[in-house]
Amino acid sequence: MKSSHDIFIHESGLSRNPIEQEVAIYDAVSSGNMDDVISYCNKNKFTNTEGLGVLSDNEIRNMRYHFVIGTAMITRYCVGRGLEQDKAYSMSDYYIYKMDSVKTIEEINRIHSAMCLDFCETMISLKNRNVISRSIKETLEYISANIYRPILLSDLAEHVNLSESYLSKLFAKEMGVSIREYINLTKIEKARNLLCYSEYSFIDIANYLAFSSQSHFISIFKKYEGMTPKKYRDTHFHSTWSLSK
């Protein structure tokens, strides 16, 4: 006796892609294969759901469902290859939240491309970090998990059980920048995303990223980006990732 889902598949005439084809993008992203990811995004493969199944009769809702599934799979693949869970799930939540607010397939596809590229770049950075010592890896994980609050050198040193002076020297040697510089760069990276894809005020972003004041946030942002947060938002708000970079 056929089950209801067997009848549904038979009557709809649907066929599934081979599993290898379905997971190709998950593997490319999680392995840091930027060329394949850019090729995938440029061909707008996500908008072609042929062979992926119909999850809703509503085209937009169907795309949303596939977006959530794809993002969840990429997240799990990346965690399986060493990405910190907190960072992975934070990225996943962010892109699903952004996708939920848009209205067109074109916008969903744009956010899907941004998500794939962001995860891929993160995995490339992770691979480059794998040559570092355990103490510095734990330091980076601590910074990632606590980037939304003030991070003191004393907290980091205590976390990895090293003296402040030794940790500072080791970090600079292995990462090529000071701890403070790395923390600022990480905060500015997150600020760029908030300026592009959210409508949070500058004071909200400054508070969220634990800058001491709005003026401090503006000063640090201008130092690294060469422009004020306002100018950056005016230029890049809701902009897409460059698929040719």
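In what follows, the structure referred to is the one given above.
What counts and how
Residues numbered from 1 in each chain as written. Predicted model: local features only at pLDDT ≥ 70, side-chain atom pairs only at ≥ 80, totals over all residues. Heavy atoms only, no water. Helix = DSSP H or I, 4+ residues; strand = E, 2+ residues; numbered from the N terminus. Buried < 20%, exposed > 50% of the residue type's maximum accessible area, 1.4 Å probe, protein only. Contact = heavy atoms within 4.5 Å. Disulfide = S-S within 2.5 Å. Core = buried A, V, L, I, M, F, W, Y, C linked by side-chain atoms within 4.5 Å. Axes fitted to C-alpha atoms, helices over the stretch in contact; angles between N-to-C directions. Parallel < 35°, antiparallel > 145°, perpendicular 65-115°, else oblique. Left-handed = near helix turned anticlockwise from the far one by under 90°. Nonpolar A, V, L, I, M, F, W, Y, C, P; charged D, E, K, R; others polar. Phe/Tyr/Trp six-rings, centres within 6.5 Å; stacked < 30°, edge-to-face > 60°. Lys NZ or Arg CZ within 6 Å of the ring centre and 35° of its normal. Salt bridge = Lys/Arg side-chain N within 4 Å of Asp/Glu carboxyl O.

J.: Can you explain the side chain of Thr75? Please cite residues and give values.
T.: By the secondary structure assignment, Thr75 is in helix H5 (residues 59-80). The buried category is assigned to Thr75, whose relative accessible area is 1%. What Thr75 contacts, discounting residues up to four positions off in sequence, is Ala88, Tyr89, Ser92 and Phe119.

J.: Any details on the state of the cysteines? Residues and values, ideally.
T.: Scanning the model with the defined rule gives zero disulfides in all. You can see Cys120 has no disulfide; the closest cysteine sulfur is in Cys78, sitting 8.3 Å from it.

J.: Account for the nonpolar core, naming residues and giving values.
T.: Val29, Val37, Ile74, Cys116 and Phe119 are the most contacted members of the largest nonpolar core, which totals 43 residues. Tallying contributions element by element places helix H7 (residues 105-129) first for this core, with ten residues. Sequence-distant contacts of Val29, that is, excluding residues within four places in its chain, are made with Val37, Ile74, Cys78, Cys116, Phe119, Cys120 and Met123. One finds Ile147, Ile151, Tyr182 and Ile183 within the second-largest nonpolar core, a separate group that totals 16 residues.

J.: Please give an account of the packing of H5 against helix H6 (residues 85-100) that cites residues and values.
T.: Interaxial distance between H5 and H6 falls to 10 Å at its minimum, and their mutual angle equals 170°. Relative to H6, the element H5 is oriented roughly antiparallel. H5 and H6 meet at a crossing whose hand is right-handed. Packed against H5, whose contacting residues are Arg64, Phe67, Val68, Thr71, Thr75, Arg76 and Val79, the element H6 presents Gln85, Ala88, Tyr89, Ser92, Tyr95, Ile96, Met99 and Asp100 at the interface. Counted by class, the contact of H5 with H6 contains eight nonpolar, four polar and three charged residues.

J.: Please provide a residue-by-residue account of the packing of aromatic side chains, values included.
T.: If you walk through the whole model with that rule in mind, you get seven aromatic pairs. Judged by centre distance (5.0 Å) and plane angle (80°), the ring pair of Tyr94 and Tyr95 falls under edge-to-face. Through successive ring pairs, a cluster of aromatic residues spans Phe211, Phe217, Phe221 and Tyr232. For the cation-ring pair, Lys187 lies above Phe211, with the distance from its terminal atom to the ring centre recorded as 5.8 Å.

J.: Give me the lowdown on the pattern of salt bridges, citing residues and values where you can.
T.: Tallying each qualifying case throughout the model produces four salt bridges. Across the pair Arg192 and Glu225 runs a salt bridge, and its minimum N-O distance is 2.9 Å. In this pair, Arg192 sits in helix H11 (residues 179-197) while Glu225 sits in helix H13 (residues 214-225), placing the two residues 33 residues apart along the sequence. One salt bridge in this structure joins Lys230 and Asp234, with 3.0 Å as the shortest N-O distance. Note that Lys230 and Asp234 are positioned in helix H14 (residues 229-236) at a spacing of four residues, about one turn of the helix. Residue Asp234 is classed as exposed on the basis of its relative accessible area of 54%.

J.: Explain the packing of helix H8 (residues 134-145) against helix H9 (residues 153-160) to me, using residue names and the numbers behind them.
T.: Here H8 crosses H9 at 130°, and the two axes come no closer than 10 Å. Relative to H9, H8 is oriented oblique. Here H8 runs over H9; the crossing is right-handed. Between H8 and H9, the contacting residues are Ser135, Glu138, Thr139, Tyr142 and Ile143 on the first element and Asp155, Leu156, His159 and Val160 on the second. Class assignment of the residues belonging to the contact of H8 with H9 gives a composition of four nonpolar, three polar and two charged.

Read these as layout, nothing more, since geometry by itself doesn't imply function.
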